[in-house]
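# A structural walkthrough
These are the residues of each chain, in order.
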Amino acid sequence: MAAYDFNAPRLFLDIPMHEGARHTLDRAQANYLLSVLRRAAGEPVLVFNGRDGEWRAEIEPTGRKAADLVLRNRTRPQTVPGDLHYLFAPLKAARLDYVAQKAVEMGASLIHPVLTRRTQGDRIKLDKLRANAIEAAEQCGILSLPEIRDAAPLPEAVAALAPGRLLVFCDEDAPVADPVAALTQAGAAAGGCAVSGGTVPLAVVIGPEGGFTPEERALIADRPNTVRLSLGPRILRADTAAVAVLALVQAVLGDGRRGA
């Protein structure tokens with residue numbers, strides 16, 4: 001992203017993208033571009049749909065508070081997303097928004113709420129999760145949107161993981177002094193599952209604020225191809241732990257290694 005244009009606003013549009021394609025802005029989009037950002041006719045807007053790469057579009061006003069976007073040229077081709085599933089116990093609303101946004105920024109390809117015995121809330125608004133994912137992708141130049149799955153009980157979600165997917169289990173009681181070494185060793189053991197770029201299909205599971213119950217911890221730890229991981233000597237809040245482990249996993253085994 002060395003030549004990335006950080007000055008142009010960026011929008012997700014769920015439309016086919018090609019040169020000359022036209023999109024009529026809805027009221028919220030038009031207000032954002034014309035009134036909030038005060039963009040004028042002919043000014044560029046970057047758009048993406050998660051399938052056709054990123055495109056430069058131009059504003060074409062059609063009224064005092066209405067406009068179309070006309071696609072001119074593709075600025076970046078669609079890239080292959082990483083393969084990182086993020087499983088997490090839902091949190092309270094504001095922190096749930098934060099976790100969803102950070103998971104997208106850190107390269108999660110799938111976001112899956114899991115229901116545990118100590119989950120604080122089980123009413124998950126998938127449309128809000130998706131809105132937060134789109135906002136994060138728009139702001140951070142990301143080309144792909146993660147799949148967002150309906151909330152499921154923890155045993156069901158763990159059982160649904162493919163056997164070849166390495167599951168990173170954040171467990172504060174794990175007897176691991178060096179999480180980097182633990183991940184490196186687990187990645188080497190899963191080498192037969194490597195995909196392009198030298199990465200491994202991954203999943204991360206984060207528990208609720210009260211932690212997993214002993215039965216839940218045993219369920220996860222007994223799954224083959226699972227590595228228990230401590231994030232250090234401090235107890236982290238669930239939303240902090242999410243960012244920490246995603247950064248660690250991507251740096252050691254994920255797409256943070258691409259180009260190295």
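Position labels on residues start from 1 in each chain and follow its written sequence. Per-residue local features are limited, in this predicted model, to residues with pLDDT of at least 70; the limit for side-chain atom pairs, both in listing and counting, is 80 or more; totals at the level of whole chains, interfaces and linings are taken over all residues. Excluded from the side-chain calculation are hydrogens and water; included are all heavy atoms of the structure.

### Looking at the layout of surface pockets
- Buriedness for pockets is judged along seven lines, at least five of which must meet protein on both sides within 12 Å for an open set on the 1 Å grid over protein atoms alone, while cavities are sets there where a 1.4 Å probe fits but cannot get out, and lining residues have an atom within 4 Å of a point. Grid points are joined across faces, edges and corners, and a volume is the space filled by probe spheres set on the points. For the largest pocket, the calculated volume is near 500 Å³.
- Thr79, Gly107, Ile142, Leu143 and Asp255 are the residues nearest the centre of the largest pocket, which is lined by 22 residues in total.
- Cys170, Glu172, Ile235, Leu236 and Ala241 are, among the 20 residues lining the second largest pocket, the residues nearest its centre.
- When grouped by side-chain class, the residues that make up the lining of the second largest pocket number 10 nonpolar, 5 polar and 5 charged. Each residue is assigned to one class: nonpolar for Ala, Val, Leu, Ile, Met, Phe, Trp, Tyr, Cys and Pro, charged for Asp, Glu, Lys and Arg, and polar for all the others, Gly among them.

### Focus on empty space enclosed by the protein
- Applying the stated criterion across every chain, the model contains 2 cavities of 30 Å³ or more.
- Put simply, the second largest cavity is a space of about 40 Å³.
- Taken together, Leu87, Leu110, His112, Arg149, Ala157, Ala160 and Leu161 make up the lining of the second largest cavity.
- For the lining of the second largest cavity, the residue count by class is 5 nonpolar, 1 polar and 1 charged.

### Details of the nonpolar core
- What is meant by a nonpolar core is a set of buried Ala, Val, Leu, Ile, Met, Phe, Trp, Tyr and Cys residues, joined one to another through side-chain atoms within 4.5 Å. Classification of residues uses two cut-offs on accessible area relative to the type maximum, computed with a 1.4 Å probe and protein chains only: under 20% is buried, over 50% is exposed, and between them is partly exposed. Among the nonpolar cores identified, the biggest contains 42 residues, and Tyr86, Val168, Leu183, Val204, Ile206, Val245 and Val249 are the most heavily contacted of them.
- Any two residues having at least one pair of non-hydrogen atoms within 4.5 Å are treated as being in contact. The contact partners of Val204, leaving out residues within four places of it in the chain, are Leu84, His85, Tyr86, Leu87, Leu167, Val168, Cys170, Val245, Leu246 and Val249.

### Here's the deal with helix α5 (residues 179–189)
- Along α5, the residues that are buried comprise Ala182, Leu183, Ala186 and Gly187. Viewed end-on, α5 has its buried residues packed into an arc of 130°, placing them on one side of the element. Of the residues in α5, the exposed ones pointing more than 90 degrees away from the buried face are Gln185, Ala188 and Ala189.
- Polar contacts, as counted here, are pairs of nitrogen or oxygen atoms within 3.5 Å of one another; within protein the pair requires one atom able to donate a hydrogen and one able to accept it, and residues that are adjacent in sequence qualify only if both atoms are side-chain atoms. Helical segments are the DSSP runs of H or I of at least four residues, strand segments are the runs of E of at least two, and each set is numbered from the N terminus. Among the residues of α5, the N-terminal cap falls to Asp178, whose side-chain oxygen and the backbone nitrogen of Val180 are separated by 3.1 Å. When we speak of the arc, we mean the arc of directions from the helix axis to the C-beta atoms.

### What about unusual backbone geometry?
- Here the phi dihedral of Arg38 falls at roughly 55°; this positive angle occurs in a residue that is not glycine.
- Within the element layout of this structure, Arg38 appears in the loop between α1 (27–36) and β3 (44–48).
- Take Arg38: its relative accessible area is 69%, and that puts it in the exposed class.
- With a phi close to 60°, Asn225 is a non-glycine residue in the positive phi region.
- Summarising the element assignment, Asn225 is placed in the loop between α6 (214–221) and β12 (226–229).

### Concerning the side chain of Thr116
- Within the secondary structure, Thr116 is located in the loop between β7 (110–115) and α3 (126–140).
- In this structure Thr116 touches Ala89, Leu154, Pro208, Phe212 and Glu216, once residues within four positions along its chain are discounted.

### Focus on α1
- Where α1 is concerned, the buried positions are Gln29, Ala30, Leu33 and Leu34. All buried residues of α1 project into a common sector of 100° when viewed along the axis, lining one side. Along α1, exposed side chains directed more than 90 degrees from the buried face belong to Arg27, Ala28 and Val36.
- Turning to α1, the residues buried within the fold contact β1 (10–12), β2 (22–24), β3, β4 (54–63) and β5 (66–76).
- With a side-chain oxygen positioned 3.2 Å from the backbone nitrogen of Ala28, the residue opening α1 is Asp26.

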